[in-house]
Each structure stands twice: as structure tokens, then as C-alpha cells.
Amino acid sequence: MNSRFLLLALLILVSCQSTFQHSGWDTSQVEIVRDEFGVPHIFGTKDADVAYGLAWAHAEDDFETIQKTLLAGKRMTGKVFGEEGAAIDFFGHLLETQELAEAKFDESYSDEFKAVLEGYAAGMNDFARAHPEEILLSEAFPVTPKEITAAYILSLAQMSGADRAIKQIVDGTVDQAPIDQNPKGSNAIAIHSSRTDSGGNFLAINSHQPLEGPVAWYEAHLHSAEGWNILGGLFPGGAMIFHGVNENLGWAHTVNFPDLLDIFQLEINPDNDSQYRVDGEWLELEERTVWLKVKLWDLIVIPVPKKVWKSIYGPTLVTDQGAFSVRMGVLDRIGAPEQWWRMNKARNFTEFHQAMSAMQLTSFNTVFADKNDTIFYVSNALLPVRNPDIDFTKTAAGTTKKALWNTYHSFAELPQQVNPQSGYLFNTNHSPFLASAYADNLNPADFPENMNYLKRDNNRSTRFRELMNDSTILSYEDFKRIKYDGQLPEKLAFRTNMDALFSLDESHYSDIAQQILAIKNWDKKSGIDSEGAAVFAFQYYYWWEKFEQAGRSWETTLSEDEAAEGLRAAKAHFEKYFGKEIVTLGEYQKLVRGEKAFPLWGIDDVITAMRSQPWENGMRKGVQGESYIMMVRFGEGLPKIETVNVFGASNRPESPHYDDQMELFLKQNLKPMSLDKAEVYENAQRIYHPGD
């Protein structure tokens, strides 16, 4: 009986396996050139050939993470990762990402860009077919351009705050606009040629992403005979560079926080829970049952039914607290991948500005520099034109079409600047109205209040101004010193007022006198030898977790008693795990990869920011912050480029490039890179066609 059951199960398993044919792509038109650090330089006749090669090369380095992105786009994550994956699939069902991709694909993309996505899909499918032992879920292949598009929609919806909004609805805490409780810090700096000793523009691309996972940076160089020649960073599943530099120009993205999303509470008919009132009329609430496929006990996949709803305001959830709809531009415009591709191929500021004006990319600050003496900044966002009589910073009443927006602010209406008198533009996730010298900054009053842009500085922006004298001519070495600065500003700009921590009197707290003096004598630098940085870092994470657990806002003041409590906790922790009251930051915080663990500089919200999490033996390991760094100098000829990635080009532990950039990164050194095809081939360590 048991043997028959096992045989039947095996037959069912085999019958469910997906089989697919080789794409037939002419890989002789695609060449992958690996440099000494394993970074892929991909050359092709057409852009589509390059996209094919990018898919193949990236899969060689990190096929597993790419598959996770594709599985999310196909709503199959639960089949591999159980309940946790099913939650991602539910998110996709609720937002109808596959349906949107199917409906809007043809109208949203040009034929030229469809060919790029087809090339990428073909490369990914052919790699999967050639490496079946690495496939997480066989039925996930082949993947199509529309499914890749669905993954983009899902990712951009998450970046627009949809996941946080849905969590608030489910948790019953949806009384105001969702705020990212774990904001991503990034730096982007452009220096005009009038402020450099070389007479050319400088650009720093310095996004602070997670060090590993689906939104960790991957470095690649893409070059086609059709004019695509760009080096930069992308995420797993990306078919083009997200930010980087081409022969003529470059740009950096940082996360911004305008009001991209609105939540509406519906008035449900007490006599018919499938109806909601709008302008005195009862409308039918669309209801669907979706089936989540959930893997249990690593043995079976079971279908789990869940209901989702939809109103005229958008995707809807019905909870004990009521019915709530979510509305955002990312579910209306899905052309962000093509916009990025056109930004990749822009040859000058006019073409770059035209690509940005398409308004398909839903958010992100963008800082730009080129070889033609232009620097530019825009706090890009797909922002709805809202009724000014309605407060959209909190949950809006979904009872009138006066609240139902359908148009967006034009690109020209967004906060932006070109070539300010100061000669510099920058963003560190702070206010778009503070992007340059104070005399050059934009006036928030000139923009609609309900755009809801930030108006405050942070520690990184405050420190940048301390370093950036408004008349200094900068050398490239000066520029790098600013970018690699690891010191908090003289006047702290944390959302929590921490003055009490720095003003404790050690004579009143003899039990923690050593910790108080470490903070008092601290120069606010975050190097690995700093004891003050270690004590402060412990205090910061200690109260971050306390605030999270208590649901307490970060907009608060730390009391003297709380400051003392945190220092006592630091003392006890260091004594328990390190056998002494005080340790250095490098003892406490590590950069970890495989068997390697090195002392790691950086704390939250210094320019060289680093966020860490508990690791082992009382230590912490870095998980987000400084990761992929690119420094660019424009001038005659091709731009001069230096980069580093936190670990290396490969996510495969057996690869020599799994961790070969770690020490370079920790020493705050950079490796030279080139857009010149002849130079790339001259220094190549390996040259091959996909499939060789």
C-alpha cells in the first residue's frame, strides 16, 4: 500500500513538472566579459541581446534571489516558502498585479522595449533550462515579459508604501497615512564644474540598501551596438540599470517620502454588506475569492481561500474595523521599466529630462550630472492632484467622488533645480526644499501642501552642510572625503531628541560614570576604534526596539531616566558578552559574509551610514547602509569611474567573487571601472557567450 502511494505521488509530481524549450536565441551576438572582480560587462549587437546576457550573467551570480522576485510576480511564493511566501502572493492578488500587467502591457511599452523584456525573459528561461537543479519551483518557468512586468509593479507598489498601508488596515491602526518605520537612508551628490579643481562635474551614487536580498545592489556594465553603454546598479530581476553612469551622464536615486498613497474608509450598507455608499448611492463592492497555494511541512502544497474586494477607490480589505480601500499611481502607470531604459540611453540632459517627464517612475529623488556642465535634482513622484478641501494625510472618507482623484501633477510641477548658484545639489532622504545652499533652496510655499513632502533636515544633510563650504573649490580627494565622512553633525537632527544622553552628570550616576564619560568625550565619529560610537549605537537600537514595542512615535524626547536606563543596559550587555564595561564599535559591530567577520564602521544616519541587527555572542552584524558606491568625474572623453560593492559580484559561496570586495569596502577604497570596450577586453579575466 505504501509503495503504491509513493509511486502515485511520484507520478503526480513528474506530471506537474513544467517543461520548456530553448528560446533559440542567437547567443553568438552576446558576449559576457568578466573583469578581475567578476563584474559582468555585457556586449551585444542589439539591446535585446544585452538584456539576454544580463539575465544569464546575473543568474550565474544569484539565480536564487532572482527566482524569489519572479515567484512573487507569478504569485507562486507560497509554494516554495510557505505561509511567509503566501503573504506576498496575497499582496499580489489584492493589487491584481498580473491582471494589470496583462491589461496595460501593450499600451505601456514600445515595441523596442518589449524586445528588451523578451531578451531578458529568454536569457532567464534558457539559464533555468540549462540548470534545472537550481530551480526552486519548476512550474515557475518559463517566465514571460508580462510576468516580469508584474514583478516590477509589485516591487514599486511596496516602495510606494502599499505593504505598510495594508498592514495598518489589518492591524486596525489605519488612522493616518502610512509612515516607513524603517526608512532607507541614501546619499546622492552632484558638484558643478564651477566648484571642482578639474573643471568637470562630480557625481556620487551612494544608495543605502540592504546588503543582501531582493533589493541589494548588483553591478553590471551593459553595452550594445544600438547605443546602450552604461555601468551601474540594479536589483535582482532588473533588466536595465536603475542608477549609474553612461558615456555622457549619470544619476543617483534616493528614497523620498511624498504622499504617494491614500487610504479610504467605505461606508458599508448595514442591510447589505456587499454595498457601499458614494454620494448617496449604494454601489456594489466587487468581491473575489483567491486561492493561495501554501507549502506545509516541506511536504505538501495546500490551497487556502482568501477573499479580496475592490471599490471605485481601489483594492479593498474588509476587517472588524471596517472596509478600507488603497489608491496609488503605481497601479495606474506601469511603464517605469521603460522609463529607466530610456534614462539609461539618454545622451544629454534634454533626452534625460524627456525620459523623466514620462512620469512612469513612481517615486525616488534623482540627482543628475553630465559632461556638459549640467547638474540637476528632482524629487520625482507620481503624485495625484487631490481635492484641497479634503485632508488626505489621514484616512479619507470613501463616501464622495470629490475625494476620488484620477490625474497627476506634471513633471514640471515637482520640486526640482538646475545648476544652482551654489554649484551643488544633494539629497540624503531629507527635504527636497533643502537640496542646495540655503540661498538657492526652493520655497515649500510654492508647492501644494497636499503633496506632503518632507520639510526637515536629517543628520546626514546637516553634516554635509558642515563639510560643504559654499565657496570652496573641491578636488576629487576632497569629494571622496566628504562622501566617506562618518561623523554626526554638531547639532543632532534625529527625530528623537537625545540631548539628555549627552548631558548626564556622571557624579550623579556613579554606577554608569564610565559610559557617561564615553558619550561626553565622544567626537561623534563612527570609526571602528570608537568607544563612544559603540555606547551610542547600543543606546540607539535599545530605544528603537523599545519604541517599536510600545508603539511610541520617534517624534519624542528621551528623558534623563531613559538615557540612564539605556546606558545601564549597555554596561550590562558589554560586561556579559565582552567581559568589560566598554567596547569599541569594531568589537561590537561586524561585517559578516560566510566565515568572514570584520570590524565594521558606521552608525545610523552618518554619511557612511550602517544599520545592524543582533548577530552572535552579543555582537551585531551590518544589514543595511553603505553597499554599492560609485564615484564619477566628468570631463574630456569618457567619465572616470570608481566603484565598490560591499561583498562582491557573486552571491554564490563557492565563487571567488563572493567576498573579494569586502576588505576594499572596509578600507573605504574603490576599484577603477571603465565604459571603454577596448579597455574592458584588454583587462578581461574571462570572455564567453551565454551557455558556453
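Residues numbered from 1 in each chain as written. Predicted model: local features only at pLDDT ≥ 70, side-chain atom pairs only at ≥ 80, totals over all residues. Heavy atoms only, no water.

A. View of the pattern of salt bridges. A complete count under the given rule lists 42 salt bridges for this structure. A salt bridge links Arg481 to Asp478, with the shortest nitrogen-to-oxygen separation between them at 2.3 Å. You can see Arg481 and its partner Asp478 sitting in helix H11 (residues 476–483), three residues apart, about one turn around the helix. Taking the relative accessible area as the measure of exposure, Arg481 reaches 52% and is therefore exposed. What makes Asp478 partly exposed here is its relative accessible area of 22%. Residue Arg495 is joined to Glu555 by a salt bridge in which the shortest nitrogen-to-oxygen separation is 3.0 Å. Here Glu555 lies in the loop between helix H14 (531–550) and helix H15 (560–578) and Arg495 lies in the loop between H11 and helix H12 (499–502), a separation of 60 residues in the sequence. In this structure Arg495 comes out as partly exposed when scored by relative accessible area, which is 30%. A network of salt bridges, in which partner residues are shared, links Arg34, Glu60 and Asp61. (Salt bridge = Lys/Arg side-chain N within 4 Å of Asp/Glu carboxyl O. Helix = DSSP H or I, 4+ residues; strand = E, 2+ residues; numbered from the N terminus. Buried < 20%, exposed > 50% of the residue type's maximum accessible area, 1.4 Å probe, protein only.)

B. Inspection of the side chain of Asp605 at higher detail. Relative to the assigned elements, Asp605 resides in the loop between strand S24 (596–599) and strand S25 (610–614). If we ignore the near neighbours within four places in the chain, the residues touching Asp605 are Asn458, Asn459, Arg460, Leu488 and Phe494. (Contact = heavy atoms within 4.5 Å.)

C. Just helix H7 (residues 162–171), in detail. The set of residues buried in H7 consists of Ala162, Ala165, Ile166, Gln168 and Ile169. Take H7 and look down its axis: the buried residues cluster within an arc of 160°, on one side only. Among the exposed residues of H7, those oriented more than 90 degrees off its buried face are Lys167 and Val170. For H7, the elements touching its buried residues are helix H3 (78–95), helix H6 (145–159), strand S10 (261–266), strand S16 (314–319) and strand S17 (322–328). (Arc of directions from axis to C-beta.)

D. Highlighting the pairing of strand S3 (residues 186–191). Along S3, six of the six residues are buried, which leaves the element largely enclosed by surrounding structure. In this structure, S3 lies alongside strand S4 (residues 202–207), joined through six bridges in antiparallel fashion. Along S4, the bridge assignment pairs Ala188 with Ile205. (Pairing = 2+ DSSP bridges.)

E. Region of the structure containing the nonpolar core. Tyr120, Met124, Leu222, Met328 and Trp340 are the most contacted members of the largest nonpolar core, which totals 147 residues. Those residues in contact with Met124 that lie beyond four places of it in its chain are Ala55, Ala59, Phe63, Ile66, Leu70, Phe141 and Val143. Formed by 38 residues, the second largest nonpolar core is a distinct cluster that contains Leu501, Ala537, Tyr540 and Val606. (Core = buried A, V, L, I, M, F, W, Y, C linked by side-chain atoms within 4.5 Å.)

F. Broad picture of the side chain of Glu562. Here Glu562 is to be found in helix H15. In contact with Glu562, other than residues within four places in its own chain, are Gln539, Trp543, Arg552 and Thr557.

G. Quick look at H3. Relative to the 26 Å expected for 18 residues at 1.5 Å per residue, H3 spans just 17 Å between its end C-alpha atoms, considerably shorter than the ideal helical length. Along H3, the sharpest change in direction is near 100° and occurs at Glu84. Burial analysis of H3 places 13 of its 18 residues in the buried class, the great majority of the element. (Expected span 1.5 Å × (residues − 1). Bend = angle between axes of the 7 residues up to and from the residue.)

H. Broad picture of the sheet that holds strand S12 (residues 272–278). In spatial order, the strands read S11-S12-S13; together these three strands make up an open sheet with antiparallel pairing. Each having just a single partner strand, strand S11 (268–269) and strand S13 (281–284) make up the two edges of the open sheet. Strand direction decides the pairing type here: S11 and S12, joined by two bridges, are antiparallel. Each residue of the ladder has a partner; that of Asn269, found in S12, is Asn272.

I. Main features of the packing of aromatic side chains. For the structure on display, the rule yields 48 aromatic pairs. When the ring of Phe426 is compared with that of Phe464, the centres are 4.2 Å apart and the planes differ by 25°; the resulting orientation is stacked. Placement of Phe426 in strand S22 (residues 424–427) and of Phe464 in helix H10 (residues 459–467) is noted, with a sequence separation of 38 residues between them. For the cation-ring pair, Arg327 lies above Trp405, with the distance from its terminal atom to the ring centre recorded as 4.9 Å. Sitting over the face of the ring of Tyr658, Arg593 holds its NZ or CZ atom 3.8 Å from the ring centroid. (Phe/Tyr/Trp six-rings, centres within 6.5 Å; stacked < 30°, edge-to-face > 60°. Lys NZ or Arg CZ within 6 Å of the ring centre and 35° of its normal.)

J. Examining the environment of Asp273 more closely. By the element assignment, Asp273 lies in strand S12. Classification of Asp273 by relative accessible area gives exposed; the value is 65%. When sequence neighbours within four positions are dropped, the list of residues in contact with Asp273 reads Ile268 and Leu285.

K. Spotlight on the sheet that holds S22. Within the open sheet, the six strands sit side by side as S22-S3-S4-S27-S28-S29. Their pairing is antiparallel. Only two strands of the sheet have a single neighbouring strand rather than two, namely S22 and strand S29 (671–673). Shown here is a sheet whose adjacent strand axes are inclined to one another by a mean of 15°, direction ignored. (Axes fitted to C-alpha atoms, helices over the stretch in contact; angles between N-to-C directions.)

L. Highlighting the packing of helix H2 (residues 47–74) against H6. It is the contact of H2 with H6, at a shortest axis distance of 8 Å, that shows an interaxial angle of 95°. The angle between H2 and H6 falls in the class roughly perpendicular. From H2, Thr69, Leu70, Ala72, Gly73 and Lys74 reach across to H6, where they touch Glu147, Ile148, Ala150, Ala151 and Leu154. Per-class residue counts for the contact of H2 with H6 are six nonpolar, two polar and two charged. (Parallel < 35°, antiparallel > 145°, perpendicular 65-115°, else oblique. Nonpolar A, V, L, I, M, F, W, Y, C, P; charged D, E, K, R; others polar.)

M. Examining the packing of helix H5 (residues 111–130) against helix H8 (residues 336–345) more closely. Contact geometry for H5 and H8: axes closest at 11 Å, N-to-C directions at 100°. As judged from the angle between their axes, H5 and H8 are roughly perpendicular. Side by side, H5 and H8 meet where Glu112, Phe113 and Val116 of the first sit next to Pro337, Glu338 and Trp341 of the second.

N. Molecular detail of the confidence of the model for the protein. Scored by pLDDT, the protein comes out at a mean of 94, with 96% of its residues at no less than 70. Confidence drops under pLDDT 50 across residues 1–18; counting only partners more than four residues distant or on other chains, this segment forms five contacts. (pLDDT = per-residue confidence, 0-100.)

O. Structural context of the pairing of strand S6 (residues 218–224). When you tally the buried positions in S6, you get seven out of seven residues, the bulk of the element. Alternating positions in S6 separate into two faces, Tyr218, Ala220, Leu222 and Ser224 on one and Glu219, His221 and His223 on the other, with burial throughout. In the sheet, strand S2 (residues 40–44) pairs with S6 via four bridges, with the strands oriented parallel. From the neighbouring strand, Phe43 faces S6, where its bridge partner is His223. Across six bridges, S6 lies against strand S7 (residues 229–234) in antiparallel orientation. Each bridged residue has a counterpart across the sheet, and for His221 the counterpart in S7 is Leu231.

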